[in-house]
Structures are given as C-alpha cells and as structure tokens.
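Residue-level structural notes
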Amino acid sequence: MQKNRILLIGNCVLDQVWHLAQFPAQDEEMRARNQFRVMGGNACNSAQMLALLGNDVELVSSFAQDASAQWLLQQLTQAGIETRHCTPLAGFKTPESSIWLNAVNGSRTIVHFRDLPELELQQLQQLPLESCDWLHLEGRNVATLKLFLESLDVRSGISLEIEKDRPGIEHLLPFVNLVIVSSAYLQSRHLSADQCLQHFRQINPALNVVCTLGEQGLIAMDAAGHRIQQRAVPVQRVVDTIAAGDCFIAALIHQLLQQADFLAALDFAATIVAQKIQYQGITLSD
C-alpha cells in the first residue's frame, strides 16, 4: 500500500469527556459514570485516523503555551503526527471542550471555550506544500484561507470540511476538489442534501461533494455529476460516536490517495466509521 504525506490545517482541542447516566437538571449535582481527556478538534481527529491508517501526517494548528498544550503535543507525537509548523502563542489558553454523553438517548452536549487566535496568512504561506500529496482544510478562519488558497500554484488534492455556516465559506469552493458537508450546515442553511449538491457544483462544476447525514448515511455527487446515496453501515453495538465524521473524512482522503474511485472511497470510509464507533476513542480495535 502506498504511503502518502498529508497536511491538515485546523483545530486541536483538549476534550474532557463525561459519561452521565442522564442529562442533569438545572442546579442538580450528580456523579459521572466515567471521565477522561482526549485530543479533539476536527482536523486533529482526522489526523489521528490518517496516521492510524498508515499515512505520514502533519497537523498545522495554533497552540497555547500551557500545560494542556504540552500534553496535546506529546499525544500527537506519540500518535506519529508531525507538529513542527505549529505556532505556540503566549498569553492564551488551550481550547477546551466539555462533552457530556447521555446514556439515556446517546446525546452529546458540548460546551467549548476558545480564546486562541487562528493561524495567520504568513504562517500558512510558509508551509512546505510541495512535499505533500494532499492538503485538508478545516473550514474556519475563512478570509485567511481564501487568501492562502488564491496564492497556491497547485489545485489538485485539496479537501475542505464545512461543519458550520461561517460567513464566506462558499468562497473557498472554487479552490478545492473535495468538500465534506455536515448535517449541521445543511440545517443552518435550510438546505436538503440534494439542494446543497446542486448549489455547490454551480460554484465549482468539477467538485466532489459529500453531505454526511449521520445514521441516515450520506448523499454525494462526484466530479462527473453522478449522484450517490449510501446508507450507514449497520453495527451491533455503538460505543463512541465522538469524531466519527472526522474519521470518515480521514478514511475518504486515504482511499482516494490509493487511487480508488469515488464510490469505492465512500464505501471504505463508511466501513471505517462503522468500525470506529464500536470502540472507545479513535481506534479500530480494543
């Protein structure tokens, strides 16, 4: 299997995960069933799965200069993920999420804190992209990403995740080959998946578009305009759905770099997600 070099630009977060018997009422004091911390952030999660699948991976993100940042960097190193172009910033705190998992209905409630600045254009323009086989972008800091993409000579092997409806996010579409769209974005824009496919491909007719729909699977369209609909792969048990979407993106990129066609790559990504959600954390086995 070919080993590819993939660079991801996005967020790295400290996730504090709490397993609760039920969602607490206001002013209620309750004991959690379990609690642990893990690396989080969309690009960081995708980087972990890409490394697990055997790729050479580098994550580019802002970092604070506190104990939490040092822990995250150590974890990334242990996972085999390069961080040499990450930017340490003094006077800020590591972004942190508190994730409450409700055992009654499987819901996830997330409270996030961030005061850490995003990467600046000058930092992005210094990245050694000539040595990379693929560039993946988390759709945040849109104005800076647009200027960065406009400055690139290469227009192949670039993917974009659109999770939230950030102002101007659609201005990035002409510069990428693959876009993965979350159900949260569709809901915020009051779009069906098919409406999104048509709208995005009007902006970039050569775009591969995937709308992920959770338990309902996905609806996609390849660069040739073929519509694809897939159900989620059924599993016997669901243990942990945190980062499932990020792992889908990673597996999709991995398989496309193995020269798989778009439909086969989608099948592979769905299979990887089905494996991942049966175990705790970003792993494919106990």
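Structure: above.
Read on for a plain summary of the structure. Given the structure is predicted, the values throughout are model-derived calculations rather than measurements.

1. Structural notes on the environment of L147
Relative to the elements of secondary structure, L147 occurs in helix α4 (residues 142–150). Assessed through its relative accessible area of 44%, L147 is described here as partly exposed. Residues L147 and L124, 23 residues apart in the sequence, show an inter-C-alpha distance of 9.9 Å.

2. Notes on the pairing of strand β2 (residues 13–20)
Extensive coverage of β2 is indicated by the burial of 7 of its 8 residues. The pairing of β2 with strand β8 (residues 96–102) spans 7 bridges and is parallel. Bridging from a neighbouring strand, H19 pairs with L101 of β8.

3. Points about the nonpolar core
By size, the foremost hydrophobic cluster in this structure holds 47 residues, and its most contacted members are V210, L252, F262 and L266. In terms of residue count, helix α7 (residues 244–257) provides more of this core than any other element does, 10 residues in total. If near-sequence neighbours (up to four positions away) are discounted, L252 is found in contact with L178, I180, V210, F262, A265, L266 and A269. Of all hydrophobic cores here, the second largest spans 36 residues; its members include L145, L152, V181 and L207.

4. Some details on the packing of α7 against helix α8 (residues 262–276)
Put simply, α7 and α8 touch, their axes get as near as 8 Å, and they point 140 degrees apart. On the basis of their axis angle, the class for α7 and α8 is oblique. Where α7 crosses over α8, the two elements pack in a sense that is right-handed. Each of A244, C247, F248, A251, L252, H254, Q255 and L256 in α7 lies in contact with α8, whose residues at this interface are F262, A264, A265, L266, F268, A269, A270, I272, V273 and K276. For the contact of α7 with α8, the class distribution of residues is 15 nonpolar, 2 polar and 1 charged.

5. Some details on the sheet that holds strand β9 (residues 108–113)
Reading across from one edge, β3-β2-β8-β9 is the order of the 4 strands in this open sheet, with mixed pairing throughout. Only two strands of the sheet have a single neighbouring strand rather than two, namely β3 (34–40) and β9. The mean inter-strand angle of the sheet, taken between neighbouring strand axes irrespective of direction, is 20 degrees.

6. Brief notes about the packing of helix α1 (residues 42–52) against α7
It is at 8 Å that the axes of α1 and α7 come closest, and there the two elements cross at 50 degrees. Put simply, α1 runs oblique to α7. Every pair of crossing elements has a handedness; the one defined by α1 and α7 is right-handed. Contacts between α1 and α7 involve N42, N45, S46, M49 and L50 from the former and D246, C247, I249, A250, I253 and H254 from the latter. Looking at the contact of α1 with α7 residue by residue, the classes come out as 6 nonpolar, 4 polar and 1 charged.

7. Considering the packing of aromatic side chains
If you walk through the whole model with that rule in mind, you get 2 aromatic pairs. Between F23 and W100, the ring centres sit 5.8 Å apart and the planes meet at 55 degrees, which makes this aromatic pair tilted. Of this pair, F23 sits in the loop between β2 and β3 while W100 sits in strand β8; the two residues are 77 residues apart in sequence, bridging distant segments of the chain.

8. Some points on the sheet that holds strand β1 (residues 5–9)
Across the sheet, which stays open at both edges, the 9 strands sit in the order β6-β4-β1-β10-β11-β12-β13-β14-β15 with mixed pairing between neighbours. Only two strands of the sheet have a single neighbouring strand rather than two, namely β6 (81–82) and β15 (227–230). When strand β4 (residues 56–60) meets β6, the two strands line up parallel, connected through 2 bridges. Bridge pairing links V57 to I81 in β6. Of the strands in this sheet, β1, β10 (134–138) and β11 (158–162) touch α4, which is tilted by about 160 degrees from β10. Of the strands in this sheet, β11, β12 (178–181), β13 (208–212), β14 (218–221) and β15 are in contact with helix α6 (residues 193–203), which crosses β14 at around 25 degrees.

9. Regarding the side chain of N102
Within the element layout of this structure, N102 appears in strand β8. At 2.9 Å, the side chain of N102 and the backbone nitrogen of V104 are in polar contact. In this structure the side chain of N102 is engaged in a polar contact, spanning 3.2 Å, whose partner is the side chain of N105. Non-local contacts of N102, meaning those with residues more than four positions away in its chain, are made with L20, A21, Q22, F23 and S107.

So, how was this worked out
- Sequence order as written defines the numbering, with residues in each chain counted from 1.
- Owing to the predicted nature of the model, reporting of local features is limited to residues with pLDDT of at least 70; listing and counting of side-chain atom pairs is limited to 80 or more, with chain, interface and lining totals taken over all residues.
- To get the side-chain values, all heavy atoms of the structure are used, and hydrogens and water are removed first.
- Here a helix means four or more residues in a row that DSSP labels H or I, a strand means two or more in a row labelled E, and each is numbered from the N terminus.
- Under the scheme applied here, a residue whose accessible area is under 20% of the maximum for its type counts as buried, over 50% as exposed, and between as partly exposed, the area being computed with a 1.4 Å probe on protein chains only.
- Following DSSP output, two strands are said to pair if at least two bridges run between them.
- Residues belong to one nonpolar core when they are buried, are Ala, Val, Leu, Ile, Met, Phe, Trp, Tyr or Cys, and are joined through side-chain atoms within 4.5 Å.
- Only heavy atoms enter the contact rule, under which two residues are in contact if any of them lie within 4.5 Å.
- A fitted line through C-alpha atoms serves as each axis, taken over the contacting stretch for helices, and the angle formed by two N-to-C directions is quoted from 0 to 180°.
- Relative orientations are named as follows: roughly parallel for angles under 35 degrees, roughly antiparallel for angles over 145 degrees, roughly perpendicular for angles from 65 to 115 degrees, and oblique for any other angle.
- By convention the crossing between two helices is left-handed if the near helix lies anticlockwise of the far one by an angle smaller than a right angle, and right-handed if it lies clockwise.
- Side-chain classes are defined by residue name, with Ala, Val, Leu, Ile, Met, Phe, Trp, Tyr, Cys and Pro counting as nonpolar, Asp, Glu, Lys and Arg as charged, and the others, Gly among them, as polar.
- Aromatic pairing here means that ring centres of Phe, Tyr or Trp (its six-membered ring) are within 6.5 Å. Orientation follows from the plane angle: under 30 degrees is stacked, over 60 is edge-to-face, and everything else is tilted.
- Any pair of N or O atoms that falls within 3.5 Å is considered a polar contact. Within protein, one atom must be able to donate a hydrogen and the other to accept it, and sequence-neighbouring residues count only if both atoms are side-chain atoms.

Honestly, it's all geometry; don't read function into it.
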